[in-house]
Amino acid sequence: IKRIEAGNRMSEAVIHGGKIYTCGIVADKMIGKSVYEQTKDVLEQIDTLLAQAGSDKTRILKANIWLSSMATFADMNKAWDAWVVPGKTPARATVESKLAAAGYDVEIMVEAAQ
């Protein structure tokens, strides 16, 4: 097991058996901004983590997305659709949920092949 940016509470990503598992990623620097802006920031963080693990977004197998409101689904999808590579999109689920703190409106967790 290899851990990336391991902290006291959690690791940003864990690699095991050729798979990469990220934590739920939020847009700390964009808190309170639009869901579109937060999603773009989260996706950039995912790109960085996957690169650190020796992978990239074309190797994502599954994505779980949480939104504080499904009313922002189209805004999130606008950023997502511009980011994913056509023909190499992962399985994905999106649900509405309360997130860890006010101002966080999108959280994404992915699993990818290394």
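Refer to the structure printed above.
Calculation criteria
- Residues numbered from 1 in each chain as written.
- Predicted model: local features only at pLDDT ≥ 70, side-chain atom pairs only at ≥ 80, totals over all residues.
- Heavy atoms only, no water.
- Core = buried A, V, L, I, M, F, W, Y, C linked by side-chain atoms within 4.5 Å.
- Buried < 20%, exposed > 50% of the residue type's maximum accessible area, 1.4 Å probe, protein only.
- Helix = DSSP H or I, 4+ residues; strand = E, 2+ residues; numbered from the N terminus.
- Contact = heavy atoms within 4.5 Å.
- Salt bridge = Lys/Arg side-chain N within 4 Å of Asp/Glu carboxyl O.
- Phe/Tyr/Trp six-rings, centres within 6.5 Å; stacked < 30°, edge-to-face > 60°.
- Pairing = 2+ DSSP bridges.
- Right-handed = clockwise from strand over helix to strand, strands pointing away.
- Axes fitted to C-alpha atoms, helices over the stretch in contact; angles between N-to-C directions.

Peer 1: Is there a simple way to explain the nonpolar core in this structure?
Peer 2: The tendency in soluble globular proteins is for nonpolar side chains to be buried side by side. Membership of the largest hydrophobic core comes to 26 residues, with the highest contact counts inside it found for Ile46, Trp80 and Ile108. Where this core is concerned, the elements lending two or more residues are strand S2 (11-16), helix H1 (35-52), strand S4 (60-67), helix H2 (73-83) and strand S6 (106-113). If you tally residues by element for this core, the top one is H1, at six residues. Apart from the residues within four sequence positions on either side, Trp80 is in contact with Thr39, Leu43, Ala63, Ile65, Pro90 and Arg92.

Peer 1: Sorry, what's going on with the pattern of salt bridges here?
Peer 2: Close approach of charged atoms allows side chains with opposite charge to pair. Summed over all chains, the structure comprises one salt bridge. We note a salt bridge from Lys62 to Glu111, for which the minimum N-O separation is 3.5 Å. Taken together, the positions of Lys62 in strand S4 and Glu111 in strand S6 put the pair 49 residues apart, joining distant regions of the chain. Judged by relative accessible area, Lys62 falls into the partly exposed class, the value being 34%.

Peer 1: Looking at this structure, I do not really get unusual backbone geometry. What am I missing?
Peer 2: Leaving glycine out, the prevailing phi sign among residues is negative, and the prevailing peptide bond configuration is trans. A positive phi is found at Glu5, a non-glycine position, where the angle reads about 50 degrees. With respect to the helices and strands, Glu5 occurs in strand S1 (residues 2-6).

Peer 1: Sorry, what's going on with the packing of aromatic side chains here?
Peer 2: Centre distance and the angle of the planes are the two values used to describe a pair of aromatic rings. Inspection of the entire model under this criterion finds one aromatic pair. For the pair Trp80 and Trp83, a centre-to-centre distance of 5.4 Å together with 55 degrees between the ring planes defines the contact as tilted. Of this pair, Trp80 and Trp83 both sit in helix H2, three residues apart, which is roughly one turn of the helix. A single burial state applies to Trp80 and to Trp83, both of which are buried.

Peer 1: Would you mind showing me how to read the pairing of strand S5 (residues 91-96) here?
Peer 2: Looking down a regular strand, the side chains alternate between one sheet face and the other. Sheet topology places S4 next to S5; six bridges connect them, and they run parallel. Paired with Lys62 across the bridge in S5 is Ala91. Crossover handedness for the path S4 to H2 to S5: right-handed.

Peer 1: Mind showing me how you'd approach the sheet that holds strand S3 (residues 19-22) here?
Peer 2: The pairing of strands in a sheet comes from backbone hydrogen bonds and takes either a parallel or an antiparallel form. With respect to topology, six strands assemble into an open sheet ordered S1-S2-S3-S6-S4-S5, the strand pairing being mixed. In this open sheet, the two edge strands, each paired with only one partner strand, are S1 and S5. With direction set aside, neighbouring strand axes in the sheet form an average angle of 10 degrees. Alignment of S4 against S6, held across seven bridges, turns out to be antiparallel. Looking at the pairing, Trp66 lines up with Glu107 of S6. Those strands touched by H1 are S1, S2, S3, S4 and S6, and its axis lies near 25 degrees from that of S6.

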